[in-house]
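This is what each chain is made of:
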Amino acid sequence: MLITGLSLILACTAFVIYELASFKSTLTREMVSLANIIGANSTAPLEFNDSEAGNETLKGLEADNRILKAVIYTNDNKIFSSYARTNKLNQEIPHRHPPEGDSVQEGFLNLVQPIFLDKRKIGVIYLQVDLKEMTARIWKYGAILTSVLFLSILVAYLMSSRLEQWVSQPILNLIETVDRVSITKDFSLRAKKESDDEIGFLVERFNDMLIQIEEKNSALQTAHDELEDRVEERTIEFRQAKEEAQKSNHAKSEFLANMSHELRTPMNSILGFSQLLQMDSANPLKDYQQKNLNSIASAGSHLLELINEVLDLSRIESGNMGISIEAVDLLLIVDNVLSITQPMASKNDITLKYEEIPANSIFLEVDALRFKQVVLNLVSNAIKYNKPNGSVFISYKQLGTGKLQLGVQDTGNGIPKDKIENIFKPFDRLGLEGGSIEGTGIGLTISKKLIEMMNGTIGFTSNPGEGSFFFIEVPISNTSPSSPEQIEKLSSSNETFSNHDKTKKVLYIDDIPINLNLVEKYLSHFSNLEFIPASNALDGIEIAKTQLPDLILMDIHMPDMDGLTAFKKLKSIKETQEIPIIAVTADAMDKNIKKALNMGFKDYITKPIDLKNFLISINKAIN
Ligand code: ADP
């Protein structure tokens, strides 16, 4: 509206200005030619100084009522002849003419023109023209333009209000719907279609878009709901499966614990009595008996190794293998492994070589016992699978990754290329099953898992016919270890049972007579030890109260009362509470060992009893 009005005003003003300018220029042109004609007619009167004739010439202007005054001046600017439309005007005739040319003043056009005769100026003619006509025109134009302007604005207003109804309103409605949808996120809202024109089309498309979004939204919601249901279902299934797995895992652990217990008990007798027979210097065995006994002992040890390894594997797989990572002196481990494997190497005619390292120079971030187990596995394999008169070389390399590589190189037959990928698979002996070299096929499986639990890696390279290089890479520690404890932990030292001046009483409580018998035989070698047997827990407690032994050896699984309860009872009785108690049991489960040691048992000896360790433990407890 405003723009329309302004345009109209501008257009009209331009038109009026143009009209007035053109009117004035036409009038001026007309008056100039009139002045020229009058001038030409006045040359004779001027030449002959006949002002009357001049007056007569001017009188001819009466016919044009626009001319108010007409005056002819002589060259020296004196009135020669004059004409005025009225008497009043006659009195206003100027005595001297205005400057030549034309000018508009107070509603009049003043025109002054020279009069020439033969190119010689002989006078001047002055005309005063009334511009009333032009003023009247201005007013007329003004009135017409105002009416046109008013009418145009009225029409524009009427049209714009109609247009607003047709165009703006539907667009405003559409915008409002868009706003509501974007604020409420309610895609079921629709814009109202009011016409079949472009705007109606726009509204229709917008509604179509809303329909599509709504459909997609609802499909998405359905999929989301379905997914949630499915996730819930799966979670329930997963939980059930997990519970099942935990149950069966628990059952497996129980089974393994029982199996291990059941197997260890007879193994205790087999290995124990074999050791006793080997130790009995008073009644030496004949050669063939010694040989047979060695076979029994070796088969027994193999069986025990198998039990221990299967148990280890099952502990690792069920997540029950606890490891304690600490700073460990590498030299301690290697020394320990060398002392164990040296006899085996000598027996197999293998030279055991190693890179020298100073004590306290390299510390590793590992579990001392489990790391030793892995190194032992690699070195004994290197000896077992070597050629006669071969060699084994243990080397070390510090890697840039903050790890140390311990390598074991042998000169054996190497590993066939087609068997390489099976080497860490449990129970796979790469075709050596049933051969003369003893083994279980799970040593490397366990080693790999243990090394990974210690944040390390294990690997090998092998040239068939030339030998293999097995290596482990484990983190180096920046702190130094508490060595004395580790030495104790690692050593299967050669300490022997010290003789005491005073006789010490050892009470052994176990429900299996053959176990009592075996330990009695062990201890009979020491004249200053008095062995007191008890075949059940309650008897054992009574005997402890009356005989006050220096040490109690306690079985854990007994029918009348388990060893842990018996331990608590003994610790609650004033007379017996200071007596050291060692657990002697076929239960080798880690968690049970930990539990007993936490309760206050001095030591935990697993069956089959390793005589050396057993005696060291008794010696320590009594002192
Ligand atoms: P085990 O030695 O008890 O059989 P391991 O898991 O330690 O079990 O080794 C798996 C198999 O890998 C062995 O049976 C043997 O065939 C092969 N092996 C291991 N170490 C070597 C080696 N240094 N040289 C050749 N073969 C080896």
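This text follows the structure it describes.
Residues numbered from 1 in each chain as written. Predicted model: local features only at pLDDT ≥ 70, side-chain atom pairs only at ≥ 80, totals over all residues. Heavy atoms only, no water.

S.K.: So, the sheet that holds strand β11 (residues 457-463): which residues are in play, and what are the values?
M.R.: Two orientations exist for strands paired in a sheet by backbone hydrogen bonds: parallel and antiparallel. Across the sheet, 5 strands lie side by side as β7-β9-β10-β12-β11; this open sheet has mixed pairing. Strand pairing shows two members of the sheet lacking a second neighbour, β7 (351-354) and β11, which therefore form its edges. Taking the axes of each pair of neighbouring strands and ignoring which way they run, one obtains an average angle of 15° across the sheet. Pairing of β7 with strand β9 (residues 391-398) involves 4 bridges; the strand directions are parallel. From the neighbouring strand, L352 faces β9, where its bridge partner is V392. (Pairing = 2+ DSSP bridges. Helix = DSSP H or I, 4+ residues; strand = E, 2+ residues; numbered from the N terminus. Axes fitted to C-alpha atoms, helices over the stretch in contact; angles between N-to-C directions.)

S.K.: Residues and numbers for the side chain of S477, please.
M.R.: You can see S477 is positioned in the loop between β12 (467-475) and α11 (483-490). You can call S477 buried: its relative accessible area is 7%. A polar atom in the side chain of S477 sits 2.9 Å from the side chain of E365. When near neighbours in sequence (up to four residues on either side) are disregarded, S477 contacts A327, F363, L364 and E365. (Buried < 20%, exposed > 50% of the residue type's maximum accessible area, 1.4 Å probe, protein only. Polar contact = N/O pair within 3.5 Å; in protein donor to acceptor, adjacent residues only side chain to side chain. Contact = heavy atoms within 4.5 Å.)

S.K.: Quick one: what's the story with the sheet that holds strand β15 (residues 551-554), residue by residue and with numbers?
M.R.: Taken in spatial order, the 5 strands of this open sheet run β14-β13-β15-β16-β17, and their pairing is parallel. Each edge of the open sheet is held by one strand with a lone partner, namely β14 (529-534) and β17 (603-606). Averaged over all pairs of adjacent strands, the angle between their axes in this sheet comes to 20°, without regard to strand direction. In this sheet, strand β16 (residues 581-585) lies alongside β15 in parallel orientation, the contact comprising 3 bridges. Pairing of L553 across the sheet is with I582, part of β16. Across the face of the sheet, helix α12 (residues 513-523) comes into contact with β13 (504-509), β14 and β15 while running at roughly 175° to β14.

S.K.: I'd like to hear about the packing of aromatic side chains, residue by residue, with values.
M.R.: Taken as a whole, this structure holds 7 aromatic pairs when the rule is applied. Geometrically, the ring pair formed by F460 and F470 is stacked, given 5.1 Å between the ring centres and 20° between the ring planes. Here F460, found in strand β11, pairs with F470, found in strand β12; they are 10 residues apart in sequence, far enough to count as distant. Judged by its relative accessible area of 17%, F460 falls in the buried class. An angle of 25° between the planes, with centres 4.2 Å apart, marks the rings of F567 and F601 as stacked. Placement of F567 in helix α14 (residues 563-572) and of F601 in the loop between α15 (590-599) and β17 is noted, with a sequence separation of 34 residues between them. A relative accessible area of 4% places F601 in the buried class. An aromatic cluster is defined as three or more aromatic residues linked by ring pairs; in this entry it consists of F424, F460 and F470. For the cation-ring pair, K448 lies above F424, with the distance from its terminal atom to the ring centre recorded as 5.8 Å. (Phe/Tyr/Trp six-rings, centres within 6.5 Å; stacked < 30°, edge-to-face > 60°. Lys NZ or Arg CZ within 6 Å of the ring centre and 35° of its normal.)

S.K.: I'd like a rundown of the pairing of strand β3 (residues 101-105), residues and numbers included.
M.R.: In this sheet, strand β4 (residues 108-117) lies alongside β3 in antiparallel orientation, the contact comprising 5 bridges. Bridge pairing in β4 places Q105 opposite F108. Hairpin connection, β3 to β4: the antiparallel pair is bridged by 2 residues, and E106 has positive phi, about 45°.

S.K.: With reference to specific residues and values, describe the side chain of N207.
M.R.: Secondary-structure assignment places N207 in helix α6 (residues 198-279). The class for N207 is buried, based on a relative accessible area of 12%.

S.K.: Go over the site of the ligand, please, and point to the residues and values.
M.R.: The environment of the ligand is formed by 20 residues, the closest being N381, Y385, R429, T440 and L444. Contacts to the ligand include N381, whose side-chain N or O atom sits 2.8 Å from an oxygen atom. In the environment of the ligand, an oxygen atom lies 2.7 Å from a nitrogen or oxygen atom belonging to the backbone of T440. In isolation the ligand exposes 530 Å². Once the protein is present, 97% of that is buried. Elements supplying a minimum of two residues to the shell around the ligand: α9 (368-384), α10 (443-453) and β12. For the shell around the ligand, the leading source of residues is α9, giving 3 residues. (Near = heavy atom within 4 Å. Areas by Shrake-Rupley, 256 points an atom, 1.4 Å probe, with all protein chains shown as cover.)

S.K.: Describe the pattern of salt bridges, with residues and values.
M.R.: Counted by the stated rule, this structure contains 22 salt bridges. Between E237 and R234 there is a salt bridge, and its shortest N-O distance comes to 3.9 Å. Taken together, the residues span about one helical turn, with E237 and R234 both in helix α6 at a distance of 3 residues. Taking relative accessible area as the criterion, E237 reaches 42% and is therefore assigned partly exposed. Note on R234: relative accessible area 46%, which makes it partly exposed. A salt bridge links K545 to E542, with the nearest nitrogen and oxygen atoms 3.5 Å apart. Taken together, the positions of K545 and E542, both in helix α13 (residues 537-547) and 3 residues apart, correspond to about one turn of that helix. Through salt bridges with shared partners, a single ionic network connects D312, R315, R370 and D590. (Salt bridge = Lys/Arg side-chain N within 4 Å of Asp/Glu carboxyl O.)

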